[in-house]
Amino acid sequence: MTNSIAELENADCILVIGSNTTSSHPLVATRIFRAKEKGARLVIADPRKIQLALKADLHVRQNLGTDVALLNGIMQVILANGWHNQAFVDERTEGFDAFRKVTEDYPPERVAEITGVKADDIRTMAEWYAKAQAASIVYCMGITQHTTGVDNVKALANLAMLTGQIGREATGVNPLRGQNNVQGACDMGALPNVYTGYQAVNIPDIQNKFQAAWNAKLSDKIGLTIPGILSGLVEGSVKALYVVGENPMMSDPDVNHVEKALRSAEFLVVQDIFLTPTAELAHVVLPGASFAEKDGTFSNTERRVQRVRKAIEPVGDARADWEIMQEVSTRFGYPMNFRSPAEIMDEIARLTPSYGGITYDRLDGEGLCWPCPNKDHPGTKFLHSGRFTRGLGLFHAIEYKPPAETIDEEYPLWLTTGRVHVHYHTGTMTRNSPSLHAEMPEGYLEVNPEDARRLGVRRGDEVRVVSRRGHIVVKAMPTDRVEPGVLFMPFHFVESCANILTNPAHDPIAKIPEYKVCAVRLEKAA
Amino acid sequence: MDYRTVLTTCAYCGCGCGLYLEVLDGRVVNTIPCKTTPVNEGKLCVKGWNIHEFIHSPNRLTRPLIRKNGALTEASWEEALDYTAGRLWEIKEKHGSDSLAFLASAKVTNEENYLIQKFARAAVGTNNVDHCARL
Ligand code: SF4
């Protein structure tokens, strides 16, 4: 997030796009409700009638995968009416002319045809957002899990820069990170192109710094992302895979392909707290410790680094993952001898400018939001005040592109996927929690009552959902949360695994698969 | 009777709510929201309130497993660690550093993610490190 969670309640306009906030980030939703109570206008752009939509001043239901068109339409209206912030554009940005040229091709009437959103609603969104004192954008996987995910994010950045709704209290472009420490995993360099703090592996000065600190020869070749690793396994260029606390057998698109890849591995190590479907395929399974059994830190979606504290000893013979990793490394011939996670954080701080001032003794209160470059720095509440990270903010001229897979005669319905409030990701933890499991013991498929009637399907009937990649059987739940022609399924349930159906086509830059859109057909199960 | 409360951070979603785990004789028995953490100010969602429940699940992995004659079989840590390090080493020697790949995790701590990528880069010599950021 560019801004912090608490600031949201001081915004006077909040645009939530592609985030089912009450389900996936309940305590962010709390702030949105508070802003609403204080008089903020709440605008929801989501194909589904999510819970937040019931509180919204305006809810628009764009067709799946048409976000760029919708955002361009909003910006066209802003430009045509002169509601943009010319001073901000002149002082803080570049690339405006090329952006303007493309955006002017998206008048509301044309956008209405692409997105299914009424032209007047597009005008209202533009006016409310642009004229607000402090407007904040909140988005989640509904924006990023598309073949145009990067375009979607750039379009949101364009909107914030165009109106100067960034770099101030309660404004900004605020992605909600899905898993608890996905921000931290990125910050720590668990990515193929960067070390900690987004320091690129192919910049010689940075490579040299890490070579000296780690006393090792390092590669400057950018590594493989998950899709590349999986196809490498199938082709045989990747022989061994070491998986810590992830479950690609459920979380990745086109699970049948993932299984083939994992089965091709000459050596598969899985380190986890449960025997996940991924672990079942492993050659070695190492029992890690849960968050209650070790010390450490997590970084939340607002960049706040907070302490995790050991409450109990690891269950059975399980061990903390940092201890396991050290043991493997030492036996591999590269000794690691940290005595505690606090010592590891000291090394991270030495090598990572944005974490430079973070030490365990400073984290005891509220934690610290990075960038926190030195021991006296109080941390950073919101980013881009006065200056963007790259200097001038860059406008991108972005054309709308349809999703990779569209409906046709054989697969006439759209399918989108997401989370529900009582479960988390692949369900490894929540489905082992009796209270949460009891709330929602099995998966389901949301289908519009009109479509259900046509198929003769009633609530609780079993239906077969078929895509080009596979099929599953699941219970139908007729509801107007989805529009006619659109289906929705949560992806937490192994028995009705949504990712057997989803399309692995991914964004060319971010490599995010298009979980949010694929084409399917629906049949009554025999 | 040994009773303690331990302040920590919720491990479910990216909000990062502060909470206390209630520990009775070495078992986590309950969760209490923390009032002074800025994110949640004394509130939790249904997942947070129940986060203690999976910790002592009977389905937890408690022993290392090694595949022997096709089946995952309990093994000692010594054996599992030596086997893991040994096989990784053999594959690196035979096929080169880039024939190994690592999936780090949005569920483990910062310090653990740091060590995973350090192992991949410094010990093995590959940048083939990724995680489910995109999922
Ligand atoms: S209590 Fe709920 S909202 Fe807070 S971090 Fe946990 S899962 Fe997220």
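Observations regarding the overall build of chain B
Broken down by element type, chain B carries 3 helices and 7 strands. Counting from the amino terminus, chain B carries its helices and strands in the arrangement β-β-β-α-β-β-α-β-α-β. A globule of 135 residues ought to have a C-alpha radius of gyration of about 14 Å, yet chain B, at 19 Å, is considerably larger. The principal-axis extents of the C-alpha atoms in chain B amount to approximately 55 × 30 × 25 Å. Within chain B, the proportion of its 135 residues that are buried is 64%. Taking the contacts inside chain B whose residues are at least 6 apart along the sequence as the reference set, 31% of them involve residues at least 24 apart. Surface accessibility of chain B: about 4,700 Å² in total, with carbon and sulfur atoms responsible for 50%. Across chain B, 16 positive and 15 negative side-chain charges occur, with their mean positions spaced 5 Å apart.

Re the sheet that holds strand S2 (residues 18-24) of chain B
What links the strands of a sheet is backbone hydrogen bonding, and the strands pair in either a parallel or an antiparallel sense. All names here are of chain B. The strand order across the open sheet built from 3 strands is S1-S2-S3, with neighbouring strands paired in antiparallel fashion. The two strands at the open ends of the sheet, each matched to only one other strand, are strand S1 (3-9) and strand S3 (27-33). The average undirected angle you get between the axes of adjacent strands in this sheet is 30 degrees. One ladder, built from 7 bridges, connects S1 with S2; its direction is antiparallel. Note that in S2 the partner of tyrosine 3 across the bridge is leucine 24.

Details of the site of the ligand
All residues adjacent to the ligand are Pro26 and Leu27 of chain A together with Cys10, Tyr12, Cys13, Cys15, Gly16, Cys17, Leu44, Cys45, Lys47 and Gly48 of chain B. Proximal residues around the ligand fall on chains A and B, making this an inter-chain site. Taken together, the elements giving at least two residues each to the shell around the ligand come down to helix H2 (26-37) of chain A together with helix H1 (46-49) of chain B. For the shell around the ligand, the class distribution of residues is 9 nonpolar, 2 polar and 1 charged.

What about the pairing of strand S10 (residues 296-299) of chain A?
Remark: a regular strand shows side chains that alternate across the two faces of the sheet. All names here are of chain A. The two faces of S10 match: Gly296 and Phe298 on one face and Thr297 and Ser299 on the other face are all buried. Pairing between S10 and strand S11 (residues 304-308): 4 bridges, direction antiparallel. Pairing of threonine 297 across the sheet is with arginine 307, part of S11. From the end of S10 to the start of S11, which pair antiparallel, there are 4 residues, and arginine 303 there has a positive phi angle of about 70 degrees.

Section: the confidence of the model for chain B
Across chain B, the average pLDDT comes to 92, with 98% of residues at or above 70. Interface confidence in the predicted complex, given as ipTM, is 0.96; pTM for the same model is 0.85.

Focus on helix H14 (residues 255-264) of chain A
A turn of α-helix holds 3.6 residues, and therefore any two residues three or four places apart point the same way. Residues and elements named next belong to chain A. Taken together, the buried positions of H14 are occupied by Val255, Val258, Ala261 and Leu262. For H14, the arc enclosing every buried residue in end-on projection is 115 degrees, short of the 170-degree limit, so these residues lie on one face. In H14, the exposed positions angled more than 90 degrees off the buried face are occupied by Lys260 and Arg263.

Comments concerning the interface of chain A and chain B
Listed by partner, the interface residues are 144 residues for chain A and 95 residues for chain B. Counting the surface lost from both chain A and chain B, the interface buries some 10,600 Å², and carbon and sulfur atoms represent 63% of this. In terms of surface lost to chain B, no three residues of chain A exceed Leu27, Phe291 and Phe332 of chain A, which account for 8% of the buried area on that side. For the pair chain A and chain B, the interface holds 10 salt bridges. One salt bridge connects lysine 118 of chain B with glutamate 347 of chain A, and the closest N-O pair in it is separated by 2.9 Å. Counting the contacts that link chain A with chain B gives 56 residue pairs in polar contact (both at pLDDT 80 or more). When residues in the side of chain A that touches chain B are grouped by element, the largest group, 10 residues, is from helix H15 (residues 321-332) of chain A. For the side of chain A that touches chain B, the residue count by class is 77 nonpolar, 38 polar and 29 charged. Two elements, strand S7 (residues 240-244) of chain A and strand S6 (residues 100-103) of chain B, share 4 bridges in a ladder whose sense is parallel. Bridging from a neighbouring strand, leucine 241 of chain A pairs with alanine 101 of chain B of S6 of chain B.

Parameters at a glance
Residues take numbers from 1 onward in each chain, read along the sequence in its written order. Here the convention is simple: chains get letters from A, ligands get numbers from 1, in the order in which they are written. Per-residue local features of the predicted model are confined to residues with pLDDT of at least 70, and side-chain atom pairs are confined, for both listing and counting, to 80 or more; whole-chain, interface and lining totals are unaffected and use all residues. Side-chain numbers here rest on the full set of heavy atoms in the structure, without hydrogens or water. Labels follow the DSSP assignment, with helices taken as runs of H or I lasting at least four residues and strands as runs of E lasting at least two, numbered in each case from the N terminus. Computation of the radius of gyration draws on C-alpha atoms alone. For the globule rule, the value is 2.2 Å times the number of residues to the power 0.38. Three exposure classes are used, based on accessible area relative to the maximum for each residue type with a 1.4 Å probe and protein chains only: buried under 20%, partly exposed in between, and exposed over 50%. In this description, contact between two residues means that some pair of their heavy atoms is separated by no more than 4.5 Å. Using the Shrake-Rupley algorithm and a 1.4 Å probe, accessible areas are obtained, with residue cover drawn only from the displayed protein chains. This count recognises Lys and Arg as positive and Asp and Glu as negative, with His and chain-terminal groups excluded. Charge positions come from single atoms, namely NZ of Lys, CZ of Arg, CG of Asp or CD of Glu. Between any two strands, at least two bridges found by DSSP are needed for them to pair. Interaxial angle, 0 to 180 degrees, is taken between N-to-C directions of lines fitted to C-alpha atoms, where a helix line uses only the stretch in contact. Think of it this way: one heavy atom of a residue within 4 Å of a molecule or strand is enough to make that residue near it. Basically, the charged four are Asp, Glu, Lys and Arg, the nonpolar ten are Ala, Val, Leu, Ile, Met, Phe, Trp, Tyr, Cys and Pro, and anything else, Gly included, counts as polar. pLDDT is a per-residue confidence score from the predictor, ranging from 0 to 100. Here the arc refers to the directions that run from the helix axis out to each C-beta atom. Note on definitions: buried area is the accessible-area loss of two parts on being combined, 1.4 Å probe, summed for both. Take a side-chain nitrogen of Lys or Arg and a carboxyl oxygen of Asp or Glu: if they are within 4 Å of each other, that pair is a salt bridge. Counting of polar contacts relies on pairs of N or O atoms within 3.5 Å, with two restrictions inside protein: one atom must be capable of donating a hydrogen and the other of accepting it, and residues adjacent in sequence are counted only when both atoms are side-chain atoms.

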